[in-house]
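Observations on the three-dimensional arrangement
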Amino acid sequence: MLALLLAGFYNPSSAADTCVGNPAPIRYLLTFDDGPSAVQPDNPTETVLRTLSKNPYQSDIKAIFFTQTRAVNGGGTEYGRSLLKHEVEEGHLLAFHTATPRHSNHRYLKEDEFNASLASGIADLTGITGIAPKLVRPPFWNYDARTLDTYHSHGLQMLLTDLSANDGIIYGINFSLTKHRNMRKLLLAARPHWCNNEMPVVDGVTPIVVTFHDINSYTASHLEEYLDILLDVAKELDIPTSEKPFYDNREELERAALARVVKDASNPPELPGIWNWFWSLFR
């Protein structure tokens, strides 16, 4: 036992406590930010879609794609728009991220520019799906009362996350040696809220929101491993998953997401990674 302690493989303080109540089993709600990618060949968005469709854990998984509809290297290209249509045909849910040429921070856009970008993005997605999007995720996880109110005025609800692969903008080295440890740490932080029945239950399950980036080639090529990790950490923390551990129905997916949106900015939830600390420097 001493050897295990010294090696860091055993940590009693991280063991999961037994729940007093009887919380509903969890179901992972997968989301992807920043896509689609317009890279050719070996397009990461296409790789993600293939893995979601066929993998050893659950076939035909559906996800929410928070899209950049006018990105110069993605949704703003003909190839990118074809991928958005393909995502809809595959049964996934399109949501809004940006409608600017780059990954613009909404808090720092001028009011008229911000409103115009929201209107453009909503129009872009409506043109593809036939239905206006209901969900938005702020770039860089950065929002305030003003941006949240503006989202609401455009009929958009803001969804953040419980778990994040921390695989956003990566420069240089594009790999992770801490995938399992990171997901376990974040699920462990969410566990008390689940255990105390503080999280919404939708269709008999507790949605746990997970965030990836489908423009990330490492994520795309390791998505099957990520799915395995998510199932493993739930077992390790004694958190039962539902019979279907991932969503496979777009309508159920949207209902679950809408139950997890942020209603107001007065009591902000924890953000993944360093983002709480980072944005606190600019308040």
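Here's a quick rundown of the structure. (Residues numbered from 1 in each chain as written. Predicted model: local features only at pLDDT ≥ 70, side-chain atom pairs only at ≥ 80, totals over all residues. Heavy atoms only, no water.)

Points about helix α2 (residues 44–53)
A turn of α-helix holds 3.6 residues, and therefore any two residues three or four places apart point the same way. By the criterion of burial, α2 is predominantly enclosed, with 7 of the 10 residues buried. Every buried residue of α2 is listed here: Pro44, Thr45, Thr47, Val48, Leu49, Thr51 and Leu52. Check the buried side of α2 and you find it contacts β1 (26–33), β2 (64–68), α3 (78–89), α7 (217–221) and α8 (223–236). (Buried < 20%, exposed > 50% of the residue type's maximum accessible area, 1.4 Å probe, protein only. Helix = DSSP H or I, 4+ residues; strand = E, 2+ residues; numbered from the N terminus. Contact = heavy atoms within 4.5 Å.)

Some points on the nonpolar core
Generally speaking, a soluble globular protein has its nonpolar side chains buried in company with each other. Formed by 55 residues in total, the largest nonpolar core has its most connected members in Tyr28, Leu30 and Phe212. The dominant element in this core, judged by the number of residues it contributes, is α8, at 8 residues. The next biggest cluster of nonpolar side chains, apart from the first, holds 14 residues, and it includes Ile64, Leu135, Ala257 and Val261. (Core = buried A, V, L, I, M, F, W, Y, C linked by side-chain atoms within 4.5 Å.)

Side note on helix α6 (residues 179–195)
Taking 1.5 Å as the rise per residue, α6 with 17 residues should run 24 Å; its terminal C-alpha atoms sit 24 Å apart, in good agreement. The sharpest bend along α6 comes to roughly 30°, located at Ala189, with the proline Pro192 sitting one to four residues further on. Among all positions of α6, only Lys179, Asn182, Met183, Leu186, Leu187, Ala190, Arg191, Trp194 and Cys195 are buried. Looking at the buried residues of α6, the elements they touch are β1, β6 (163–164), β7 (206–213), α7 and α8. Asn197 sits one or two residues past α6 and shows a positive phi near 60°. (Expected span 1.5 Å × (residues − 1). Bend = angle between axes of the 7 residues up to and from the residue.)

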